[in-house]
Every structure is written in C-alpha cells, then in structure tokens.
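Coordinate analysis (summary)
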Amino acid sequence: MQEGPQHQEELKVFLVDIVTKDTKPEILADRMRELENLVNTFGGVVILQTYQKKDQPDNKTYVGKGKLEEIIADMQRLGANLLVVGNILKPRQVYEISEQLRPFKMKIRDRVDLILKIFDKHAEGGESGLQIELAAIKHMGPRIFGMGIELGRQGGGGSGAMRGLGETNTEIMNRHLKERQRKIAKKLEDYEHMRKLHRDSRIRKGLPTVGIVGYTNAGKSTLLNALTKKGVLAEDKLFATLGTNVGKLYMITDPETGRGKEILINDTIGFIRDLPPTLIKAFKSTLEDSIESDLLLHVIDASDTFVQERIDVVHEILAHIGAKQSRILVFNKIDAISPERLLQLQETYKDEITARISAKDQQGLEELKKLLIEKLNLI
Ligand SMILES: Nc1nc2c(ncn2[C@@H]2O[C@H](COP(=O)(O)OP(=O)(O)OP(=O)(O)O)[C@@H](O)[C@H]2O)c(=O)[nH]1
Ligand SMILES: [Mg+2]
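Residues numbered from 1 in each chain as written. Chains lettered and ligands numbered in written order. Predicted model: local features only at pLDDT ≥ 70, side-chain atom pairs only at ≥ 80, totals over all residues. Heavy atoms only, no water.

**A look at the confidence of the model for the chain**
We apply this condition: One confidence number per residue, pLDDT, is output by the predictor and ranges from 0 to 100. Only runs of H or I of at least four residues qualify as helices and only runs of E of at least two qualify as strands under DSSP, and these elements are numbered from the N terminus. Contact criterion: two residues are considered in contact whenever any of their non-hydrogen atoms come within 4.5 Å of each other.
Of the residues in the chain, 88% reach a pLDDT of 70 or more, and the chain-wide mean stands at 86. Looking across the chain, the model is least confident in helix H5 (residues 126-156), with a mean pLDDT of 66, and most confident in strand E10 (residues 354-356), with 98. Note that residues 1-7 has pLDDT below 50 and, in this model, 17 contacts with residues that lie over four places away or in other chains. In the predicted structure, residues 148-163 sits below a pLDDT of 50 and forms 10 contacts with residues beyond four places in sequence or in another chain.

Written out as structure tokens, the structure reads:
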C-alpha cells in the first residue's frame with residue numbers, strides 16, 4: 001500500500017460520475033453518498049463532487065475531454081490530489097486520464113480500485129489477503145496489458161524498437177502475473193481443503209450453522225455481537241468486516257429443563273452493488289461458511305431509503321455464489337424508523353419469512369431466536 005493518509009499527505013478527493021438522462025436524482029445522490037463512504041473508509045476526504053450528463057462514457061477520458069479539463073482545473077484550485085470515478089474504467093481510460101493528471105501529481109482511481117484498496121488495507125493476511133491479491137491481479141492485469149499496448153502504440157508511430165519494448169515488457173509482466181495467479185490459486189486450494197476438513201468435523205459434531213449476510217453496514221456484526229456476545233468490531237463504515245467471525249449461541253429449546261442446542265453463527269464481509277464477478281469469486285471461500293450454512297439471516301438496514309434495491313443486490317450475489325438455502329429477512333435498525341414505516345415494510349414483505357429487530361437496542365431478538373429454532377428444526 002503506497003496510498004493512504006498515514007503514508008502520504010492527506011487524500012483530498014474529487015468524485016465524479018456520469019449519468020444518463022434516465023438516472024433519477026435520488027439514485028444519483030445515493031450512489032454519490034455510497035462512493036463518498038467508500039472514500040472515507042479508505043481514509044480520504046471528499047472535497048468536491050460533480051457529474052456529467054452523458055449517455056455513453058467517452059472512450060478515452062470517460063467524462064469527456066472538456067469536462068476532464070474542467071475537473072483538473074477545479075482540483076488544482078482546491079488542492080485535490082485524487083480523482084475517483086464511480087464506475088469501472090477501461091484500461092485505455094485509466095491510461096489517458098492518468099497521463100492528463102500526471103503533471104499535477106494527481107491520481108485516478110475507479111470504484112473497484114477503491115474497494116480493492118479498502119480490502120487490501122484491512123485484510124487480515126492469510127487467506128483473505130491472497131484472495132484480495134488475486135482479485136487485484138484480475139482487475140489490474142488487463143490494465144497493465146492495455147497500458148502496454150498504449151505505450152507500444154505511442155512509440156510505435158516511428159520507432160519499431162519502442163513498440164517492441166512496450167510489448168516485451170507487457171509480456172513479461174503478463175507472464176509474471178499469470179505465474180503469481182497460479183501460485184495464489186494453489187495456496188487458496190490448500191486453505192479450502194483445510195476449511196473443508198474443519199467443516200466436516202463440525203458437521204460430524206452436528207452443530208447447526210447460520211450465516212449472516214447482507215449489504216455492507218446493515219448491522220451484521222452488531223447482530224452477531226447481540227446474539228453471541230462475541231465482541232466483533234462493528235462500525236459505521238462500509239466494509240468494517242473483511243474476514244470471518246464465528247460465534248456460538250446456546251439455544252434453549254426446552255424452557256422447562258433449560259435444555260437446548262448450540263448453534264454456530266457466521267458473520268462475514270458485506271455486499272455492495274456492482275461488484276465485479278472476479279471480486280465476488282475471490283471472496284467465495286471467505287463466504288463459504290455462510291454459503292454452506294443451514295440457514296441464512298439476511299440483515300437489512302430498515303432505515304435505508306433503498307431497501308428493495310439493497311435486497312436485490314444481496315440476492316443476486318447469493319445466487320452468483322450458489323447459495324440456495326432458505327433465508328430469513330431480518331429488518332434491522334427499527335429503532336431508527338417510524339412505526340408507519342415499520343408497518344409498511346411488514347406489509348410489503350408479508351409473503352417472506354421476516355423478523356424485525358434492533359441489534360443495537362437488543363429489540364426483537366427473542367422472536368428472532370424462536371424463528372431460528374423453528375427453521376433449524378431444533379426441537
Ligand atoms: N440505529 C441503529 N444502528 C445500528 C443498529 N445495528 C447496527 N447499527 C449501526 O450500523 C453501523 C454498522 O454496523 P455493523 O454491525 O458494523 O454493520 P455490518 O453489516 O457488519 O457492516 P460491514 O461489516 O461494514 O459490512 C454501526 O454504526 C452500528 O452501530 C441498529 O439496530 N440500530
Ligand atoms: Mg461487519
């Protein structure tokens with residue numbers, strides 16, 4: 001990690017995205033807010049944001065040549081040093097924008113770079129570190145390759161030697177990345193194997209497992225803490241959790257005798273919209289304990305304006321990673337919504353299995369536990 005305030009001067013960020021004429025203002029505002037939260041998690045401060053109306057991103061500069069010049073002038077005026085684009089940039093665009101920013105010692109990052117850097121910064125090493133490295137290679141690989149082609153072309157006007165150099169470097173780099181990718185994949189396989197053994201022994205012990213999943217910042221870790229007194233870090237930031245946390249919960253199934261059964265609860269990394277498939281894939285094994293659990297608790301921030309959109313994102317990712325088990329929609333943060341809104345949510349999701357809780361205030365947890373006992377067939 002070369003970036004980040006602890007290594008360098010403060011990261012002063014300019015946010016930009018393009019919107020089509022169909023983009024609704026509230027959706028745009030939500031996206032910008034999420035992007036700003038990502039910047040904050042990363043350790044930067046947003047000092048200005050703008051958007052450009054455009055139906056198609058510009059092939060070279062993403063926002064368009066004139067707009068980019070405007071942005072650079074604004075960044076200079078305000079002392080910004082990082083431009084963040086709320087989308088995935090193509091290698092060509094990264095190259096072009098970087099070139100234009102270079103004289104001013106400014107850098108460009110897209111949304112996926114930001115997510116990868118956040119993961120990278122907070123990774124707990126070991127398996128998740130390797131997964132992040134793999135995802136980064138998959139994200140950066142084509143860029144390096146693309147950049148090599150650009151470099152080759154640049155020199156290529158007259159000098160064949162330059163082109164040759166560009167291509168050779170690219171090939172070397174590419175080979176190196178492929179090799180590293182292969183090694184990481186091998187190590188990840190070993191981890192997976194180890195994990196399978198653990199899982200097998202757990203299954204033999206017969207412990208039912210519950211996976212907590214949901215959009216980032218929904219309150220998953222707070223719920224794990226509330227249920228198991230685990231003491232996991234829960235914070236008001238995106239991607240506070242990047243590894244896996246497991247807690248045990250003793251479920252009393254016979255109140256008269258106090259008898260019950262122990263269950264395992266897994267809390268893991270949260271989801272976010274528009275995650276590239278390679279990134280999801282890289283995290284598949286971190287998510288595996290959740291995916292292979294007997295039941296999923298899908299935690300939803302009920303105080304969010306875009307409840308259904310967030311639910312859709314989570315469902316899509318779960319489908320993508322092959323999670324098929326039944327799930328309980330857990331509407332969290334009900335302390336932060338009005339009784340009318342609570343009723344409205346109840347009505348909208350009346351055909352689903354739902355629970356309404358405040359993990360923070362420990363409200364609704366007993367009902368949730370009853371639902372768990374029933375759905376896990378613990379009695
Ligand atoms: N008002 C309110 N806030 C809550 C509740 N549960 C969690 N929060 C807050 O929501 C923020 C995110 O909580 P976390 O438990 O870290 O959320 P998470 O889903 O684990 O988030 P990531 O690990 O970052 O994906 C924290 O500031 C919590 O204090 C709740 O029931 N009510
Ligand atoms: Mg968490």
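**Comments concerning the nonpolar core**
Spelled out, the test is: The definition of a nonpolar core used throughout is a set of buried Ala, Val, Leu, Ile, Met, Phe, Trp, Tyr and Cys residues joined through side-chain atoms within 4.5 Å. Only protein chains enter the accessibility calculation, which uses a 1.4 Å probe; a residue whose area is less than 20% of its type maximum is buried, one above 50% is exposed, and one in between is partly exposed. Throughout the structure description, domain borders are defined by an automatic or database domain assignment.
With 42 residues, the main nonpolar core has Leu-38, Phe-119, Phe-239 and Leu-279 as its most contacted residues. A domain-level breakdown of this core finds at least three residues from each of domain 1 (12-120) and domain 3 (207-375). Other than its neighbours up to four places away in sequence, Leu-38 contacts Arg-111, Leu-114, Ile-115, Ile-118, Leu-238, Phe-239 and Ile-272. Residues Ala-226, Met-251, Val-299 and Ile-357 belong to the second largest nonpolar core, which totals 27 residues.

**Remarks on the side chain of Thr-241**
To keep things clear, this is the line we draw: We call two N or O atoms a polar contact when they sit within 3.5 Å, provided that within protein one can donate a hydrogen and the other can accept it, with sequence-adjacent residues counted only if both atoms are side-chain atoms.
For Thr-241, the location among the structural elements is in the loop between helix H7 (220-228) and strand E6 (245-254). On the accessibility criterion, Thr-241 (10% relative accessible area) is buried. Here Ser-221 takes part through its side chain, which lies 2.8 Å from a polar atom of the side chain of Thr-241.

**A short note on the sheet that holds strand E8 (residues 295-301)**
In plain terms, the rule: When DSSP locates at least two bridges between a pair of strands, those strands are taken to pair. Angles run from 0 to 180 degrees between N-to-C directions of axes, and those axes are lines fitted to C-alpha atoms, restricted for helices to the stretch in contact.
Reading across the sheet, the six strands line up as E6-E7-E5-E8-E9-E10 and stay open at both edges, with mixed pairing between neighbours. Every interior strand has two partners, whereas the edge strands, E6 and E10, have only one. Averaged over all pairs of adjacent strands, the angle between strand axes in this sheet comes to 25 degrees, irrespective of strand direction. Sheet topology places strand E5 (residues 209-214) next to E8; five bridges connect them, and they run parallel. By the bridge assignment for E8, Val-210 is matched with Leu-295.

**So, the coordination of the magnesium ion (ligand 2)**
Just so we agree on the cut-off: Water is not part of the atom set, so a site may look incomplete; the donors themselves are N, O and S atoms within 2.8 Å of the metal, or 3.2 Å for Na, K and Ca.
Protein-derived ligands of the magnesium ion (ligand 2) are Ser-221 (OG) and Thr-241 (OG1), with the metal-ligand distances lying across 2.0 to 2.2 Å. Placement of Ser-221 in helix H7 and of Thr-241 in the loop between H7 and E6 is noted, with a sequence separation of 20 residues between them. Its relative accessible area of 7% is what places Ser-221 among the buried residues.

**Quick word on the pairing of strand E2 (residues 45-53)**
Under the convention used in this document: Crossovers are described as right-handed under a simple rule: with the strands pointing away from the observer, the path leading from the first strand over the helix to the second runs clockwise.
By the bridge criterion, eight bridges tie strand E1 (residues 12-19) to E2 in an arrangement that is parallel. Looking at the pairing, Phe-14 lines up with Leu-48 of E2. Handedness of the crossover is the feature at issue here: the chain leaves E1, passes through helix H1 (residues 25-42), returns alongside E2, and the resulting connection is right-handed.

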